[in-house]
Amino acid sequence: MKLFNSRVAVLGVLLLAHLLVYASAFSQTTQTTARGTVVNESATPLQGVTVVAVNEKNQNKRSVQTNSKGAFEIKDLNTTGTYRFTFSYVGYEDKTISGSVPDASGNIVLNVTMEPSTTNTQAQVVVVGYGKSTKRDVTGSMKSVKAADFNRGIINTPEELLQGKVSGVNVTSASGEPGAIQNITIRGPGGVRTGSTPLFVVDGMALDNSSVGGTINPISFLNPQDIESMDVLKDASATAIYGARGANGVVIITTKKGRAGFSSVNYNFSGGFSRMANPLPVYKADEYRTQVKALGNALEDFGGATDWQKEVSRTAWTQNHNVTLSGGTEKFTYYGSFGMQLQQGILKGNDVKRYNGRFNMSQKLLDDKLVIEANLSANNTVNLRPNVGSLIGGAISTNPTIPAYGEDGKPYQFQNGINPLTVLALEKDLTTINRVLGNISGSLTLTKGLVYKLNFGVDNSSATRDSLALPNTVPLRLGRLATYTNVNRNYLIENYLTYSTTINAHKLTALAGHSYQKIFVQRRGTSINNFPISNIDPVYNPGLGQELTLANNRPTGHALINELQSFFGRVNYQYNDKYLFTATLRADGSSKFGSNNKYGIFPSFSGAWIMSKEKFLENGPFYNLKLRAGWGQTGNQEIPSKITQALFTATPGAGASYPLYPGTTYPVGTAYQRLANPDIQWEVSSQTDIGVDFELLGGALSGTVDYFRKVTGKILLEVIPADPIQPASTQWTNVPDMTITNQGVEVDLAYRHTTRGGFSYTVGGNVTFINNKVEESPYSVIPSGSASGAGLTSATINGYVNGEPIGTFFLQEFIGFDANGISMYRDVTGDGIANDKDRQALGSALPKTMYNFYFNLGYKKFDLTANFNGISGNKIYDNTANSSFYKNLLAKGVNTTPEAIASAEEAITNAAPVSSRYLKDGKFLRLNNLSIGYNFNPQALGLGKWVKGMRASLTGQNLFVITPYDGYDPEVNTDRTINGISSYGIDYLSYPKARSFLLGINVTF
């Protein structure tokens, strides 16, 4: 028995050992590892490439991403069967390798080279409002601009990233001042009082376009380095989902997010300098002496030779620092950044400091059924600026023989004027803005295809502006401090459901939701006069002021609350991936409108036909061909709050009460200032769009052509009431039958090619032909554009006239000089007298053609990018020349340009009223930016262990502009609004444009 047991034990041990050896051998032969590297066309390793391995036998999948060296490894693959590997990376063609089996050593080794994509245009993901889509599936007119395609250089506001990149979009700088407000229109302006600024949506948060204080652009709080993409929705079928605020188009800004599978730290530095690009050609001292004497007037010669434009300007330095941290896992991703921009303006006394912080995160829970996303940004901006108008005005008109400084080293003082450097020392404007924008959203998959999303956001900003005039003895200044505070709060909560399903060849996506937004705005202003001269800045101790009276220092302020409630829905239907249909409906209710028309309904319909998928085009030249057509309506509510409500005033006097018997004392009485008007309703824009998207040559050549027609009706305007007993002098109303029409054609083309030798290039551009027309206005002219300067303050420049575009210059036509050298003007009425009745439409500030073109070149590790933009068919009114550059002023000792004496026959006593004499051609072509870059190989530099990527670049901005306009710059729009009616194309003492050069260093760890 014992022998039997021992034999059994020995046999058991041998059997166990055999099984262990067999299991070990089996495990070695049934498991394999796939590894390799992925590089681009220049043999540079690509990080973040998604590698998917699919067992072609049982369809099991495994996926990883390449590391900083472009390497990947997938372990524990089954040796049975063959594998199909797919490599995908943004901007590159997907690459698939099928039939892979282990080699003799039991491994699969793949070394892959990715090629830049020439056919992914239609597969590009775009943001369409409350969702995402591919460009191929979009039925409306839109354009997505990614970070790699943004303009480069010194960028202060997001609009500058877009300039010249999207057909139909016109971005105009109001001035060359850092952070200045940008004027942006999409397919032309459509309102008289309601403006043309589009709706901006940042990570799902709809912004309010109200000013946040000072002269700073309201959306300059966004760090351009944080922006991933900007999607521009242009036609009504694309914008109707935003209803009441979509009439001017929508710009959706998406900030950067973290990516699963790897982490990185990036440091981006850029530094450079700027100088005045085009100083005005005012007379130098010797020329001035000659010209004043030639006019026969006495010359006041101070013996100096001062270039005042040079004295008040400088070489301005700029530095930008940005640090980002991003990464994550399959369940959690994050992106954090900190940015600092320190920028000097080219005018002395102008400095902008901007600090930005951002944190974006995404967390998946409940087996990925719940996704929580949060976005938070904080911004602090400090803007110090001089009195720009006074400084520029003094620099171009002050006698150049006056020395800049006296023997004591201080600004030289003289009678009958003030040294521009004294203005610079005594006057300043300081604005400090703090802004926090954040939103959190949760997406919950309720069942297959059905997702509920909640989005809650808050946008809070506060600003303090101190406008300071310091006290002084010579010249005598008593000193004044005015302080303004602004508070803006914007709350948004949205709930919506999205359902998606596919049944055979049918695809359906339906969206339904509710939105509520509340906006609170408050403004306050205080002032104090008469400060003693001391070393204490009045900003830090206003109590030093010695005059505080209601007559001169009455506090000001106002506050308002606007509320917007919306219900919206959208249906997207596709059949056989060829026939696409979209229908949208949004109902908006606004507290700005009266009880009879508080809600507006805004529908849209659009469809598309992907013809390239039809059999009759299978062998045709088109890689992709899609026809689109759409119609829709959008609204505009950008009018003052409370205008539908009655307004009362309580004052003593005969207009508001009766005297108490038997005396003559009037008690305080309450009287109407404005009657209620519950019938005011939305402005409505109806837009039709017909377009075609195409790709040829295997996708290398792509383009879009669109025809659009946008008609805005129910125009909101402040008018003189017809009712003679109306207590107010004006009232708001919808002008019946009046319309503003924008129609035109947009063309967008791009060609991409990469040679076998590693040379790649992209050439592209866009052009827009657009016409704007005001029709059925009951008024002969709606004036706007107030002129500035001595003797000009009551004159107007713009006029809204039937049959003419918005921004029309409504002026007397200058036709030369009479025998006495006095200006003559065309007598349009034929009554023998030239006066305001002879004004006529003489062109518009709106361009008829906008065009832009660019090219990108790449060879190995070098790249070169250039962007050009231009416009034509527009005019500019040179109010600066009108008020400063004419012969009479030169005769009085005021400096001018040669324009003042261009006409020898003009008398020195001739006046210069507002007329077409100063209306000039505003067309231009600009080299917006030119950038050359080099991507270093960290491995070759011995830094591969710590550094993933390095890049250096040199960028020139505003390198040249070709234009007949002789002002500082043709891209200008000084705000000369009258009673809220928009002005266009006026140049008055504008901040000069700069020419800049910037060195950039980018390092990824």
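If you're wondering where the values come from, they're calculated on a predicted model, not measured in any experiment.

Concerning the confidence of the model for the chain
Atom-level detail of predicted coordinates should not be read off regions where pLDDT is low.
Thought 1: Taken residue by residue, the chain gives an average pLDDT of 88. The fraction at 70 or more is 94%.
Thought 2: Counted against residues more than four places away or in other chains, residues 1-29, with its pLDDT under 50, gives one contact.

A look at the sheet that holds strand E1 (residues 31-39)
Thought 1: Reading across from one edge, E4-E1-E7 is the order of the three strands in this open sheet, with mixed pairing throughout. Each of the sheet's edge strands pairs with one partner strand only, and the pair in question is strand E4 (71-78) and strand E7 (107-113). Neighbour-to-neighbour, the strand axes of the sheet open up by a mean angle of 15 degrees, direction not taken into account.

Remarks on the environment of Val763
Thought 1: Within the secondary structure layout, Val763 lies in strand E37 (residues 759-775).
Thought 2: Counting along the chain gives 62 residues from Val763 to Leu701, while the straight-line C-alpha distance between them is 9.6 Å.
Thought 3: If we ignore the near neighbours within four places in the chain, the residues touching Val763 are Leu749, Ala750, Tyr751, Tyr854 and Phe855.

Some words on the domain arrangement of the chain
Thought 1: Domain assignment breaks the chain into domain 1 (31-113), domain 2 (125-255) and domain 3 (262-644 + 680-1004).
Thought 2: Contacts between the two partners involve 82 residues from domain 2, matched on the other side by 135 residues from domain 3.
Thought 3: Interface area for domain 2 against domain 3, summed over the two sides, is near 8,600 Å², with a carbon-plus-sulfur share of 48%.
Thought 4: The largest share of the area that domain 2 buries against domain 3 comes from Tyr130, Val192 and Arg193, three residues that together contribute 10% of it.
Thought 5: Inspection of the domain 2/domain 3 interface yields seven salt bridges.
Thought 6: The partner of Glu177 in a salt bridge is Arg385, with the nearest N and O atoms 2.6 Å apart.
Thought 7: Taken together, the links from domain 2 to domain 3 amount to 39 residue pairs in polar contact (both at pLDDT 80 or more).
Thought 8: Those elements that provide at least two residues to the side of domain 2 that touches domain 3 are strand E11 (169-173), strand E12 (182-186), strand E14 (205-206) and helix H3 (236-239).
Thought 9: Top element by residues in the side of domain 2 that touches domain 3 is E11. It accounts for five residues.
Thought 10: Class assignment of the residues belonging to the side of domain 2 that touches domain 3 gives a composition of 28 nonpolar, 39 polar and 15 charged.

Overview of the pairing of strand E10 (residues 142-146)
Thought 1: Burial of E10 is extensive: four of the five residues sit out of reach of the surface.
Thought 2: Pairing of E10 with strand E15 (residues 227-233), which is carried by five bridges, proceeds in the antiparallel orientation. Looking at the pairing, Lys146 lines up with Ser229 of E15.

What to know about the sheet that holds E14
Within a beta sheet, neighbouring strands are joined by backbone hydrogen bonds and run either parallel or antiparallel to one another.
Thought 1: Spatially, the five strands line up as an open sheet ordered E10-E15-E16-E13-E14, and their pairing is mixed. Strands with a single pairing partner mark the edges of an open sheet, and in this sheet they are E10 and E14.
Thought 2: As judged from the six bridges shared by E15 and strand E16 (residues 250-255), these two strands associate in the antiparallel manner. Following the sheet pairing, Ile227 is matched in E16 by Thr255.

About the thresholds
All residue numbers here refer to positions counted from 1 along the written sequence of the relevant chain. Per-residue local features are limited, in this predicted model, to residues with pLDDT of at least 70; the limit for side-chain atom pairs, both in listing and counting, is 80 or more; totals at the level of whole chains, interfaces and linings are taken over all residues. Based on all heavy atoms of the structure, the side-chain values leave hydrogens and waters out of the count. Per-residue confidence from the predictor is given as pLDDT, running between 0 and 100. Contacts between residues were defined by any pair of non-hydrogen atoms, one from each residue, lying within 4.5 Å. Strands are labelled as partners when DSSP assigns at least two bridges between them. Secondary structure counts use DSSP, requiring at least four H or I residues in a row for a helix and at least two E residues in a row for a strand, with both numbered from the N terminus. Where helices are involved, their axes are fitted lines through C-alpha atoms of the stretch in contact, as for all axes, and angles between N-to-C directions lie from 0 to 180°. Segmentation into domains, and thus their bounds, comes from an automatic or database assignment. The term buried area denotes the loss of accessible surface (1.4 Å probe radius) that occurs when two parts are joined, taken as the sum for both partners. For this analysis, a salt bridge means a side-chain nitrogen from Lys or Arg found within 4 Å of a carboxyl oxygen belonging to Asp or Glu. As used in this structure description, the phrase polar contact means that two N or O atoms lie within 3.5 Å; if the pair is within protein, one of them must be able to donate a hydrogen and the other to accept it, and residues adjacent in sequence are counted only when both atoms belong to side chains. By the convention adopted, Pro, Cys, Tyr, Trp, Phe, Met, Ile, Leu, Val and Ala count as nonpolar, Lys, Arg, Asp and Glu as charged, and the other residues, Gly among them, as polar. Per-residue accessibility, obtained with a 1.4 Å probe over protein chains only, is compared with the maximum for each type, and a residue is labelled buried under 20%, exposed over 50%, and partly exposed between these values.

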